Amino acid sequence: MPKIRLDQVIFSTLHPAYLNYRTDEAIMEVDTSSIPDGDTMEQNVVVPTPKVGTRADIYASNGTVSTLVSSGGRAAASAVYTYTSTEVARIDIEYGSYDIYIYLRITNNTGGPISPPAQTLTFSVVQYDAPISTI
Amino acid sequence: MSLTDNIQDVAFTSEYNIDKVVGVWEGNFDKATDTETRTGGIGSIYVYKIVHGQDRPVFTDLLWSEDGNNWVDGGSSLSGGNTSISFSDSENIYIVASSASGTQWFKIIAFWINEYDSTNPLVEAVTPDIKDRLLDGDDNYQKILLDVSSTYSPGTFSTPETVSIPHSLGYIPNAKAYFEPFSGEVWPLNAGGISNYFLYDFAQDEAYMKIYSDRVDVEVNKYSNDTRKVWVKVYLDA
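Residues numbered from 1 in each chain as written. Chains lettered and ligands numbered in written order. Predicted model: local features only at pLDDT ≥ 70, side-chain atom pairs only at ≥ 80, totals over all residues. Heavy atoms only, no water.

### Observations regarding the sheet that holds strand 6 (residues 84-88) of chain B
All names here are of chain B. If you walk across this open sheet you meet the four strands as 2-3-7-6, and the pairing is antiparallel. The two strands at the open ends of the sheet, each matched to only one other strand, are strand 2 (36-39) and strand 6. Neighbour to neighbour, the strand axes of the sheet diverge by 35° on average, direction disregarded. Relative to strand 3 (residues 44-51), strand 2 runs antiparallel, the two sharing four bridges. Bridging from a neighbouring strand, R38 pairs with I45 of strand 3. (Pairing = 2+ DSSP bridges. Helix = DSSP H or I, 4+ residues; strand = E, 2+ residues; numbered from the N terminus. Axes fitted to C-alpha atoms, helices over the stretch in contact; angles between N-to-C directions.)

This is the structure:
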């Protein structure tokens, strides 16, 4: 079997690459309703996918900031969510059969009620066919 | 005029690399019996190991589930609060489980790291049946403009440092980054301090990312007091 240097090839010769990349957008207006101390507020937006088994990288922006979402829920939220206080915010990505759900979860640990500031999160959803079986 | 002068019209071109997949794994494990516990000064995590067969780390992309039906991204949590992430070293891929009980399902895709070091080892080539090697042109392949690595200096107690990678695109591109919170381990970005489940040791760095029209910033919170690396890929919007 021949050997190769992978830094010198364009395609992986070991597995198919991600293909059919396309970008969709979703917008979330953050719910400003009061969150009691100790509660978690959850809201989501849904992005349809053309195929079962789609893989996605998701980016979020809030004003001038844009960041990768798929590599860490808390890291992603900390870069785009405008905090009221010390609440814990996460952005989580869930895959349905023909939909991708983007969740914002805010846990109020501040000792009193909070109301998240009005803000708009824009999600750029980059979808692919990935070399994994049907989800 | 060459088609490569209009890159947006080309599904695939040899001028730009695309991500190279070197391994795909699917399965499940018992979190109580199949994981090892890693304990640091902050807490413990539970890791399931998969031998990846390369002689240096790989980038990993994780989907995970607790029932085999509802799947979430690596780094994301299920509504019940459990979460998971994956990373690698030169021998293994590690899936971090957020509890030590129950079953976890996974789909792991591993990518070659062009900029890991200067060794560029030879790997076994594969010659598949030509009928299995389809170039699907429904949409584009995502093409890599920049594939670079950089380092950050030693620091402790959450000392911040911005690793800035400039680009010339003039718009906010797609980008990915990984970093080295422990020597020799390649992790996806994760941060959040005391609310970051994956932070289990006082010598473990954190990082997140901001993308601009002229640069990508990896914001590092340093704990390791060691020189470590970040890897950034910037993609063409074409």
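### Structural notes on the sheet that holds strand 4 (residues 59-65) of chain B
Spatially, 3(A)-7(A)-6(A)-5(B)-4(B)-8(B)-1(B) is the arrangement adopted by the seven strands of the open sheet, whose pairing is antiparallel. Single-partner strands in this sheet number two, and they are strand 3 (40-48) of chain A together with strand 1 (21-30) of chain B. The sheet shows a mean angle of 25° between the axes of neighbouring strands, taken without regard to direction.

### Quick look at the packing of aromatic side chains
Remark: the centre distance and the inter-plane angle together describe each pair of aromatic rings, the angle taken between the planes. Residues and elements named next belong to chain B. Counted according to the given criterion, the structure contains 15 aromatic pairs over all chains. The interplanar angle of 15° and the centroid separation of 4.1 Å between the aromatic rings of F59 and Y178 together place this pair among those described as stacked. With F59 in strand 4 and Y178 in strand 12 (residues 175-179), this pair connects stretches of sequence that are 119 residues apart. Take F59 and Y178: they sit in the same class, and that class is buried. Through a chain of ring-to-ring contacts, three or more aromatic side chains come together here, namely F87, Y94, F182, W187 and Y200. Just above the ring of Y116 sits the side chain of K229; from NZ or CZ to the centre is 5.5 Å. (Phe/Tyr/Trp six-rings, centres within 6.5 Å; stacked < 30°, edge-to-face > 60°. Buried < 20%, exposed > 50% of the residue type's maximum accessible area, 1.4 Å probe, protein only. Lys NZ or Arg CZ within 6 Å of the ring centre and 35° of its normal.)

### Regarding unusual backbone geometry
All names here are of chain B. Of note, the phi angle at N120 is positive, near 45°, even though the residue is not glycine. Owing to a relative accessible area of 14%, N120 belongs among the buried residues under this scheme. With phi around 55°, N225 is a residue other than glycine that occupies positive phi space. For N225, the location among the structural elements is in the loop between strand 15 (215-222) and strand 16 (228-235).

### Concerning the domain arrangement of chain B
Residue and element names in this part refer to chain B. For chain B, the assigned domains read domain 1 (21-111) and domain 2 (144-235). Listed as interface residues are 26 residues of domain 1 and, on the opposing side, 15 residues of domain 2. When the two sides are added together, the surface that domain 1 and domain 2 hide from each other amounts to roughly 1800 Å², 68% of it contributed by carbon and sulfur. Connecting domain 1 to domain 2 are one salt bridge. (Domains from an automatic or database assignment. Contact = heavy atoms within 4.5 Å. Buried area = accessible area lost by both parts, 1.4 Å probe. Salt bridge = Lys/Arg side-chain N within 4 Å of Asp/Glu carboxyl O.)

### Concerning the environment of B:R228
Residue and element names in this part refer to chain B. On the secondary structure map, R228 appears in strand 16. Residue R228 is classed as buried on the basis of its relative accessible area of 8%. Every residue in contact with R228, bar those within four places of it in the chain, is listed here: S150, T151, Y152, E180, P181, F182, S183, A203 and D205. Among the polar contacts made by the side chain of R228, one reaches the main-chain carbonyl oxygen of P181 at a distance of 2.7 Å. (Polar contact = N/O pair within 3.5 Å; in protein donor to acceptor, adjacent residues only side chain to side chain.)

### Some remarks on the pairing of strand 4 of chain B
Residues and elements named next belong to chain B. Burial within strand 4 is extensive, with seven of its seven residues counted as buried. Covered by surrounding structure in strand 4 are F59, D61, L63 and S65 together with T60, L62 and W64, the residues of both alternating faces. One ladder, built from three bridges, connects strand 4 with strand 5 (residues 71-73); its direction is antiparallel. The partner of S65 across the bridge, within strand 5, is W71. From the end of strand 4 to the start of strand 5, which pair antiparallel, there are five residues, and G68 there has a positive phi angle of about 80°.

### Digging into the nonpolar core
With 74 residues, the main nonpolar core has A:I102, A:F123, B:W187 and B:V218 as its most contacted residues. Top contributing element to this core by residue count: strand 8 (residues 120-129) of chain A, with five residues. Excluding its chain neighbours within four sequence positions, the residues that come into contact with A:I102 are A:M28, A:Q43, A:N44, A:V45, A:V47, A:I58, A:I91, A:D92, A:I93, A:F123 and A:V125. If you look at the next biggest cluster of nonpolar residues, it comprises 22 residues, including A:L6, B:I50, B:L62 and B:I108. (Core = buried A, V, L, I, M, F, W, Y, C linked by side-chain atoms within 4.5 Å.)

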